[in-house]
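Each chain is listed here by its residues.
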Protein chains: 4
Amino acid sequence: MASNSFGNLFRFTTWGESHGPAIGVAIDGCPPLIPLTEEDIQPWMDRRKPGQSKFTTQRQESDKVKILSGVFEGVTTGAPISLLIENEDARSKDYDDIKDKFRPGHADYTYWVKYGIRDYRGGGRSSARETACRVAAGAVARKILGPGITVRGAVVQIGPHKVDRAKWDWNEVGQNPLNCPDAYTAAEWATYLDDIRKNGSSIGAVVELVASGVPAGLGEPIYDKLDSDIARALMSINAVKGVEIGSGFASAELSGEENADEMRMGENDIPHFLSNNAGGILGGISSGQDIVARFAVKPTSSILTPRQTVNKAGQNTDISTKGRHDPCIGIRAVPVGEAMLACVLADHLLRHRSTRAKA
Amino acid sequence: MASNSFGNLFRFTTWGESHGPAIGVAIDGCPPLIPLTEEDIQPWMDRRKPGQSKFTTQRQESDKVKILSGVFEGVTTGAPISLLIENEDARSKDYDDIKDKFRPGHADYTYWVKYGIRDYRGGGRSSARETACRVAAGAVARKILGPGITVRGAVVQIGPHKVDRAKWDWNEVGQNPLNCPDAYTAAEWATYLDDIRKNGSSIGAVVELVASGVPAGLGEPIYDKLDSDIARALMSINAVKGVEIGSGFASAELSGEENADEMRMGENDIPHFLSNNAGGILGGISSGQDIVARFAVKPTSSILTPRQTVNKAGQNTDISTKGRHDPCIGIRAVPVGEAMLACVLADHLLRHRSTRAKA
Amino acid sequence: MASNSFGNLFRFTTWGESHGPAIGVAIDGCPPLIPLTEEDIQPWMDRRKPGQSKFTTQRQESDKVKILSGVFEGVTTGAPISLLIENEDARSKDYDDIKDKFRPGHADYTYWVKYGIRDYRGGGRSSARETACRVAAGAVARKILGPGITVRGAVVQIGPHKVDRAKWDWNEVGQNPLNCPDAYTAAEWATYLDDIRKNGSSIGAVVELVASGVPAGLGEPIYDKLDSDIARALMSINAVKGVEIGSGFASAELSGEENADEMRMGENDIPHFLSNNAGGILGGISSGQDIVARFAVKPTSSILTPRQTVNKAGQNTDISTKGRHDPCIGIRAVPVGEAMLACVLADHLLRHRSTRAKA
Amino acid sequence: MASNSFGNLFRFTTWGESHGPAIGVAIDGCPPLIPLTEEDIQPWMDRRKPGQSKFTTQRQESDKVKILSGVFEGVTTGAPISLLIENEDARSKDYDDIKDKFRPGHADYTYWVKYGIRDYRGGGRSSARETACRVAAGAVARKILGPGITVRGAVVQIGPHKVDRAKWDWNEVGQNPLNCPDAYTAAEWATYLDDIRKNGSSIGAVVELVASGVPAGLGEPIYDKLDSDIARALMSINAVKGVEIGSGFASAELSGEENADEMRMGENDIPHFLSNNAGGILGGISSGQDIVARFAVKPTSSILTPRQTVNKAGQNTDISTKGRHDPCIGIRAVPVGEAMLACVLADHLLRHRSTRAKA
């Protein structure tokens, strides 16, 4: 059934396979009169695109975005915005060896069972290449949010190595190829990852997202809560296995006294909070604090070491994946996570307008 | 905007406040010809209902379910199934002291900001009382899943104390008031929780859910993945701050070799897996393995110790909550989590039927 | 699959069978802070309820509405509004003779084929009794629309007899039992209908709806156009076989010159139109003119004259329906059509708020 | 808000403006393993494309469809099918004269009010050019329906001139440029239309659609009835002002005896009907009879004769449209109507699979 759309009032639909001629996204529900050019979108694409360091896949894609509709004389019209990205560096031959085998930990087997057909070339539709479309949609979502709302992300853990939060510097994130918010940790991670890369192995990671400037009141209880929608959005990203908000799983160890984010009246008659265990969301509605979400990314299943598996004919066999892959896919998941969070917020910003009887 | 419905082909809509005359749920999309009586639903309600031990709120509710529609001569008709549960033991007076104050860590403040009105009696719509309706819907979902698919849950952590997995016994879960799968741990937790209860405090928890017998193929990539929908479902439960599938956040520390669940051909031409880091879901589609999900529940924000807060008039004040509350709301979250997982699975079972051109 | 909900941001879900204990509706997405009592809803119910004249079924139902949720201290809270209506005068025995036969022109046969089960008592879920819930939802929708927007309806044709438009008087509609906007025509229709009633026969009708005060700009092209949603809403009413907007089917005979509703600037910088062939909708968006829609209602299929049919056993047989039925169901369709139009408008009023970047 | 998608389980999303670089559609929910090539789609496009006779607009578009995704090795994969159609013959200069004026009877004014911006070039998004995407989606829908279900359409009325039903011949429809099912009438219409064309005027029409081979049981009461969805689908087509099913508005003049489609048992234990006033739908569910729907198409508002209007500056003015337009847009609406009906049926075929507990 139809399942390639995300969002409600602000909704995007993606299409395209890893090794098809192009991928794309139709973005529906963007308000009119917002200035938008391809230059607004491209920088976000560039942050996600592959082949930029030895820590990401060597596939070379310029990921140039073309706007095909929805913009007239430099501004959005309210009509759907169609974005097209051509695939340039697909090497389907790399996949000949594994076309009849299922990579353990990959969607190969389940796609085969569900659909009875498998586009083995680069993973087809299940490839993380699809996430380029999410980043493009996220760029448009940011235009809706406006400059007052920022959505940023960083890798906070690779393997067992966590970032030193005392040294957190958002400006550092774009300065190293690991999306690490701390230069010192970044250097350590680089050494660690280099070994993994040379061994043809891979490793997991944790990404943290922070949205600042989000007004209180976004989120629609009971079943379209802001945190529910964030959880859904982030869990839909390839290789994500966990999502948490604020203190997340650590909340299990907190007492009611510790967990309660106490409140005091602040400037402009807006209360402020003395802590942020809630991650900016209470009862599914934004509180005005920073929204903080984290997600865990499993290691890429395409590795060099042979693993036991089965093939389409139902026989036991081994598999070793020689294609071009990310040793730590979590790194490139940062702009994707940011984009999904931006899309959820843009959607809820529009949804919230219908809450009050008088606008 | 409308946001009180959950699900797609199998969809339920809940209504009702904690201290209103009744709460209820309309379950839409249940296939016809399924035998269904109130007795099929009541046992699941009884597992969640309050007042059954000193570790849960002392509010006394029989939570008797009445079927008002959708069943004729003992079987479902395909029409919506309306279930009604009367509120019997609401004590709105308990809330007089806090009606103008916002409990830190609670939805009081955000509901006030969003809606400009607050039903302070027992939390109104934001109360966990709403989850009784989810359990009722889950009971119907289990009938759709049939006896071959089981959905079970247990508390695996309270505060810093984790269950001993070596002693896991599903039969034990219903035998102790803590939904703990290990009698020895249950006794330890009871002592620990008793202290918390006497101090008028509260503590967080982690719940684990396991669905067995789920066929491979359920889940609709890209944006209605099975794990996305589970994440959304569980995060929508009151007080939940994190969701993970399979190895979850621990995946961050796994190498590609460790994470890969190797496969061998098994009986009936169905492959089996040598491990289950995936938690039964690959690429958003069930693999035929057990589906394993966990969620973190924060401590109840209604505690006796005074906390700093503000009131509706915008003044700083203190608050201490004296109502009847759960010292560890995670315990009663077990049947709610099970119900939500059952509803997601029933929905996807129906959705999957439309995937293949020929049924 | 789930299909008992109508609307998007303002959405209601109905449940209940003709001869079950009760019917009801959960109205989701109503903005908060709107004054609402049962007295606001009841007058609209009374217009639809049966047994008020010899021209409608003699079933006696008080159709008293109870508000079970969503209202606190006399105003809406933003939570779902649950309304309950008890069934009081179901006579299931009347249907014993036809329980195994399919009434020609009725949903008996298709429900049987689709669901494999048939609640024969008064038509079960397929009964027009369900429309009482629509009228209740419509009453809430009118509160959202506010006093500036009115939605009115009248019967304009019964059998071959059309109303005299020169004598149209909206005040007359509530003064006669036929919802006719012209007293003279009403008297003629009464004589005509009396014959039909005595013969145990039935006759079709056309209903016209007019919404005044609707601002320009409502409607969401391309696929959620205002007229698309109106067409869907009206066609979903029992026995409706056609829907038209403005000049409707007569447009086929118009030239471009005749059809063009010419424009002149009017007061307050708002243009006015010199005619209304468009029925107030251009390109799926309201123009600020009156919205005019008509729908055709077929005659009730429950008639005394024996008709050829088949039974559940697959045998040829005859059927004659002796229950209490409406000789012209179109009369009672007037408040139902009004309610559906009000619901569509309320939904689009809320939807439109998300269109512009700045509210 | 997002509103450019149609359908539920089988859902398509269109994008693109009349004078942009391209238009396109993403078709989501198509089952896998269906053979599909561009050659399957093109013939349907060719039936709709402009410039094929003097009775349609002289804009020259080849309307060549490119498949960009969702097909692998000649069959569908279950992934979204992206189709692209380039615009080749846009003459935006034709619109310079009217860029600041609103054509009476056209969406110019309402788009301006709603969005605050107007893509005047060929009507932008409101252009009937968008319907090319519907025809492409309809071609895929037909593949899902399979050869046993046919969806055909014909013009049955142009201006006051109705087709002679006694001479109805489906094979004739493709033989004349007017989509008329009767050669004699076609010739008369041609003469009539030629005058209208030479005068720079336009005229309305009625189109009839017939779907044969549709199994009984499709349609989801109460609010996703098959006829509701058909009404919505057809009313969403540009210039459509009315929709009716079976006897439609003529039902108003029928007695219950006349309207009842009597039943007799037929071959294969399937009942047949002695008439088809219902148009193949009872209670919102298909009965197994032919599904018959008609829709009224108003005359094109782009005409040569000056009409009174206003402009963006709020001044009274006159307008005369000199672009290339259809004298009777109803002719080219035939393949569009067929496509929408095919899409509704394909969607409901997939939906119906989830109805029964066991597939």
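Residues numbered from 1 in each chain as written. Chains lettered and ligands numbered in written order. Predicted model: local features only at pLDDT ≥ 70, side-chain atom pairs only at ≥ 80, totals over all residues. Heavy atoms only, no water.

Engineer: Sorry, what's going on with the interface of chain C and chain D here?
Structural biologist: Quite often, the size of an interface is put as the accessible area lost when its parts meet. Facing 112 residues of chain C, the contacting portion of chain D comprises 112 residues. Contact between chain C and chain D buries roughly 8,900 Å² in total, counting both sides, with carbon and sulfur atoms accounting for 57%. If you sort the residues of chain C by the area they bury against chain D, C:M1, C:K114 and C:Y223 come out on top, with a joint share of 11%. At the boundary of chain C and chain D, one finds 8 salt bridges. Here C:R232 and D:D224 are joined by a salt bridge, their closest N and O atoms 2.7 Å apart. Our count for the chain C to chain D interface comes out at 66 residue pairs in polar contact (both at pLDDT 80 or more). Broken down by element, the side of chain C that touches chain D gets its largest block of residues, 7 residues, from helix α2 (residues 108-115) of chain C. Residue classes in the side of chain C that touches chain D are distributed as 48 nonpolar, 41 polar and 23 charged. Alignment of strand β11 (residues 240-245) of chain C against strand β11 (residues 240-245) of chain D, held across 3 bridges, turns out to be antiparallel. (Contact = heavy atoms within 4.5 Å. Buried area = accessible area lost by both parts, 1.4 Å probe. Salt bridge = Lys/Arg side-chain N within 4 Å of Asp/Glu carboxyl O. Polar contact = N/O pair within 3.5 Å; in protein donor to acceptor, adjacent residues only side chain to side chain. Helix = DSSP H or I, 4+ residues; strand = E, 2+ residues; numbered from the N terminus. Nonpolar A, V, L, I, M, F, W, Y, C, P; charged D, E, K, R; others polar. Pairing = 2+ DSSP bridges.)

Engineer: Where do I start with the sheet that holds strand β9 (residues 161-162) of chain B in this structure?
Structural biologist: With antiparallel pairing, 10 strands are arranged side by side in an open sheet as β9(A)-β8(A)-β10(A)-β16(A)-β11(A)-β11(B)-β16(B)-β10(B)-β8(B)-β9(B). Strands at the two margins of the open sheet, each flanked by one partner only, are β9 (161-162) of chain A together with β9 of chain B. Against the sheet, helix α7 (residues 333-352) of chain A makes contact with β8 (150-158), β10 (205-212) and β16 (291-297) of chain A, and its axis sits at roughly 140 degrees relative to β8(A), the strand it touches most. (Axes fitted to C-alpha atoms, helices over the stretch in contact; angles between N-to-C directions.)

Engineer: What am I meant to see in helix α3 (residues 131-145) of chain B here?
Structural biologist: Each α-helix turn comprises 3.6 residues. Residues three or four places apart therefore point the same way. Its 15 residues place the ends of α3(B) 20 Å apart at the C-alpha level, agreeing with the 21 Å of an ideal helix rising 1.5 Å per residue. Across the 15 residues of α3(B), 14 count as buried, placing the element largely inside the fold. (Expected span 1.5 Å × (residues − 1). Buried < 20%, exposed > 50% of the residue type's maximum accessible area, 1.4 Å probe, protein only.)

Engineer: Just to check I follow, could you spell out the relation of the copies chain C and chain D for this structure?
Structural biologist: Note: a rotation about an axis with an accompanying shift along it relates these two copies of the chain. Of the transformation superimposing chain C on chain D, the axial component is 0.0 Å and the angular component is 180 degrees, with the fit at an RMSD of 0.0 Å. The relationship between the two copies is best expressed as a two-fold rotation axis. Minimal C-alpha separation from the rotation axis in chain C is found for C:R232, amounting to 2.4 Å. Both copies contact each other with a shared surface, as 100% of the interface residues of chain C are interface residues in chain D too. (Least-squares fit on C-alpha atoms with pLDDT ≥ 70 in both.)

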